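Inside the fold
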Amino acid sequence: MTAKTKQEPLPQAVAATPMPGLLKLLTMLSLVGFCCALVLGLFVAGTDIQQGEIQRIFYIHMPSFFGAFSAFGLTVVGGFLYLWRKSERWDRIALAGVEVGLAFALINLATGAIWARPIWNTWWTWDPRLTSAAIMALTYAAYLMLRAGIEDEARKRSFMSVYGIFAFTSVLVTLFIIRVVPETIHPVIVGASPQNAQGSFEATSGVVIALIPSLLLWLTVLPITLIWHRSRIERRLEAVNRLKMQILSEQI
Amino acid sequence: MKTPFRTAVLAIVNKDLRGEMRSRELLSVMTIFAFLCILVFSFALELDRLAREEAISGVLWVTLIFASMLGFNRSLAQEGDQGNLDALLLAPVSRPAIFFGKLLSSFLFTLLVALVLLPLMTVIYNKNLLNGWLMLTTVLGVFAFSTIGALLSMLTLHTRSREAMLPVAMLPVALPLLLTALRASTNILKGAPTREWLVWLQLLAAVTVIYLALCWLLCGFVLEE
């Protein structure tokens, strides 16, 4: 099994490779895009009549969930491709996807709590969607713990690919739970809100103008850029570890 | 030459059942644990009649899922410690056959515990749980837990603290199953009209089929050595 994995030769892998042009472009695009999305959300979009300024947090809250969605989606893709191709690169992308997605999921939970404080008069409530979002974050925390617990490198990679694929069910549950469980108070912006949703607002043109660019940014450019950077770091980390092992074995 | 799929699966199930018949290690631990769990819940929740009707299916499913995790940990630990898993992997048997063998034997054990649990809870909570639809939900739910349990216990077998890792890995993935099974059985127990809970049963079946397909596809990677 170990023989199947392709390993890069040592010296080249440890040295920092120059950043590819596309990655530079993506990094610039994320920085500029993030600022533009903030300006659109904070200044251009109109203030909500009922909720006031706090409603603007929505331009981060919902896109960050979709950012987590696409990062975890990349973990699934990376997992399948690793199992198929046995190339370490895909496993690195899967790991980076989990870390980036987890960060986005935590942003999503934190912004949600901040919004809920004035609107629902509580930081947290055991609403079906809130619960499943928290469990989604816990699932990927479990991924990282499991990963740290497996010692054999090749086994770790294929096991974690399998777990990364399974873990995605928690993302799908979070996405669809407000459509199937009727007693949620979480508002639905796209389509009809559930009967007892509290704090919903209409997706008017003023909302859409700030929401769509932010959503596109968080869905595509931001996760891809961060995952790319993270998997480059992981690649050098692995190379350093291998070099360490090599030196240790030469000493003995 | 490979042993035919059905023969291999039946041989593994047969082996597990025979081992259990002789040692009675797994079933006794699982049953006693489940019984204790129910007692602890009835103390802890201090339920009045109305609250009991709401909580009873929650107690049932949480107990079942904990008992099944206990069973998985023990059963795979036995396989791993005594070198049987390595022998199985060396044998000319397809990987899915090993997976399905373990799945079926764990399913049978957990189902037995569930079948003891239902009459027991009927007595303790004074609410009739011996209902045909509820039994069907239980069988389906237990089977669904067994699919991911079998896969994930093979996965956590090689981790550093495997007994602690299985619940951490399994509970979040089991959430869709727990949610649907819980909704279905709560509504069945309340005596709600069929159309209100049939959809949950169908959802449970759909998730089970998806998980089963994923396990079939991926178990080869978890079982390579």
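Each residue is numbered by its place in its chain's sequence as written, counting from 1. Chain letters and ligand numbers both follow the written order, the letters beginning at A and the numbers at 1. With pLDDT at 70 or above as the cut-off, local features in this predicted model cover only qualifying residues; side-chain atom pairs require 80 or more to be listed or tallied, and sums for whole chains, interfaces and linings still use all residues.

1. Comments concerning the overall build of chain A
- Under the scheme used here, helices are H or I runs from DSSP no shorter than 4 residues and strands are E runs no shorter than 2 residues, and both carry numbers assigned from the N terminus. Per the secondary structure count, chain A includes seven helices and zero strands.
- Written out in order from the N terminus, the α and β elements of chain A read α-α-α-α-α-α-α.
- To sort residues by exposure, count the other C-beta atoms lying within 10 Å of each residue's C-beta; 20 or more gives buried, 12 or fewer gives exposed, and values between give partly exposed, all with C-beta atoms placed from the backbone. When the 252 residues of chain A are sorted by exposure, 37% land in the buried category.
- In this description, a residue-residue contact is defined by the distance between C-beta atoms placed from the backbone, which must lie within 7 Å. Partitioning the intrachain contacts of chain A with sequence separation of at least 6 by distance along the chain shows that 77% fall at a separation of at least 24.

2. Comments concerning the overall build of chain B
- Looking only at helices and strands, one finds eight helices and zero strands in chain B.
- Sequence-ordered secondary structure for chain B, helices as α and strands as β, is α-α-α-α-α-α-α-α.
- Across its three principal axes, chain B shows a C-alpha extent of roughly 60 × 35 × 30 Å.
- Counting over 225 residues, chain B shows a buried share of 44%.
- Within chain B, contacts between residues separated by at least 24 positions form 81% of all contacts whose residues are at least 6 apart in sequence.

3. Notes on the nonpolar core
- Note on terminology: a nonpolar core is a set of buried residues of type Ala, Val, Leu, Ile, Met, Phe, Trp, Tyr or Cys, with members joined through C-beta atoms within 7 Å. By size, the foremost hydrophobic cluster in this structure holds 123 residues, and its most contacted members are Val162 and Tyr163 of chain A together with Leu151, Leu155, Ala169 and Val222 of chain B.
- When residues of this core are assigned to their parent elements, the largest contribution, 14 residues, is made by helix H7 (residues 162-190) of chain B.
- Setting aside residues no more than four positions away along its own chain, Tyr163 of chain A makes contact with Tyr143 and Leu146 of chain A together with Leu155 and Ala169 of chain B.

4. Overview of helix H7 (residues 205-251) of chain A
- Compared with the 69 Å implied by 1.5 Å per residue over 47 residues, the 68 Å span of H7 of chain A between its first and last C-alpha is a close match.
- Bend, in this description, refers to the angle at a residue between axes fitted to the seven residues ending there and the seven starting there. Remark: the principal bend of H7 of chain A, roughly 40 degrees, maps to Trp218 of chain A. Take the number of residues in a helix, subtract one, and multiply by 1.5 Å to get its expected span.

5. Regarding the confidence of the model for chain A
- pLDDT is a residue-level measure of predictor confidence that goes from 0 to 100. Per-residue confidence for chain A gives a mean pLDDT of 85; residues scoring 70 or more make up 90%.
- When mean pLDDT is taken per element in chain A, helix H4 (residues 88-119) of chain A scores highest with 94 and helix H1 (residues 10-14) of chain A scores lowest with 59.

6. Details of the interface of chain B and chain A
- Between chain B and chain A, the contact holds 17 residues from the first and 22 residues from the second.
- Elements with a contribution of two residues or more to the side of chain B that touches chain A: H7 and helix H8 (194-222) of chain B.
- In terms of residue count, H7 of chain B provides more of the side of chain B that touches chain A than any other element does, seven residues in total.
- A breakdown of the residues in the side of chain B that touches chain A according to their chemical character gives 12 nonpolar, three polar and two charged. The nonpolar class holds Ala, Val, Leu, Ile, Met, Phe, Trp, Tyr, Cys and Pro. Asp, Glu, Lys and Arg form the charged class, and all remaining residues, Gly among them, are polar.

7. Description of the packing of helix H3 (residues 49-81) of chain B against H7 of chain B
Residues and elements named next belong to chain B.
- Axes here refer to lines fitted to C-alpha atoms; in helices the fit is confined to the stretch in contact. Angles between the N-to-C directions go from 0 to 180 degrees. Between H3 and H7, the least distance of the axes is 9 Å, while the angle of their chain directions is 150 degrees. Here H3 is positioned roughly antiparallel relative to H7, judged by the angle of their axes. Here H3 and H7 pass one another in a crossing that is right-handed. For the pair formed by H3 and H7, the contact residues are Glu53, Ile56, Ser57, Gly58, Leu60, Trp61, Ile65, Met69, Phe72 and Asn73 on the first element and Glu163, Leu166, Pro167, Met170, Ala174, Leu178, Ala181, Leu182, Ser185, Thr186, Leu189 and Lys190 on the second. Working definition: roughly parallel below 35 degrees, roughly antiparallel above 145 degrees, roughly perpendicular at 65 to 115 degrees, and oblique for all remaining angles. The hand of a helix crossing depends on one turn: near helix anticlockwise from the far one by less than a right angle means left-handed, and clockwise means right-handed.

8. Describing the packing of helix H2 (residues 21-44) of chain A against H7 of chain A
Residues and elements named next belong to chain A.
- Where H2 meets H7, the axes come as close as 9 Å, and the angle between the chain directions of the two elements is 150 degrees. Considering the angle they form, H2 stands roughly antiparallel to H7. By crossing handedness, the relation of H2 to H7 is classed as left-handed. Only Ile209, Ala210, Pro213, Ser214, Leu217, Val221, Leu222, Ile224, Thr225 and Trp228 of H7 make contact with H2, whose side of the interface consists of Leu23, Leu26, Thr27, Leu29, Ser30, Gly33, Phe34, Cys36, Ala37, Leu40, Gly41 and Val44.
- The residue makeup of the contact of H2 with H7, split by class, is 16 nonpolar, six polar and no charged.

9. Some remarks on unusual backbone geometry
Residues and elements named next belong to chain A.
- Positive phi, close to 60 degrees, is recorded for Lys86, a residue that is not glycine.
- For Lys86, the position within the fold is in the loop between helix H3 (58-85) and H4.
- Given 16 C-beta atoms within a 10 Å radius, Lys86 is considered partly exposed.

10. Concerning helix H5 (residues 128-149) of chain A
- Here H5 of chain A contains 22 residues, and its C-alpha end-to-end distance of 31 Å stays within 8% of the 32 Å for a straight helix at 1.5 Å per residue.
- Residues of H5 of chain A that are buried in the fold lie against H4 and helix H6 (153-180) of chain A together with H7 of chain B.

11. Some thoughts on the environment of Val222 of chain B
- Looking at where Val222 of chain B falls in the secondary structure, it is placed in helix H8.
- The class of Val222 of chain B is buried, set by 24 C-beta atoms lying within 10 Å.
- Beyond its immediate chain neighbours, meaning those up to four positions away, Val222 of chain B contacts Phe159 and Val162 of chain A together with Leu151, Met154 and Leu155 of chain B.

12. Section: the environment of Ala71 of chain A
Residues and elements named next belong to chain A.
- On the secondary structure map, Ala71 appears in helix H3.
- C-alpha separation for the pair Ala71 and Trp218, spaced 147 residues apart in sequence, amounts to 9.7 Å.
- Aside from chain neighbours lying at most four places away, what touches Ala71 is Gly97, Val100, Gly101, Phe104, Pro223 and Ile227.

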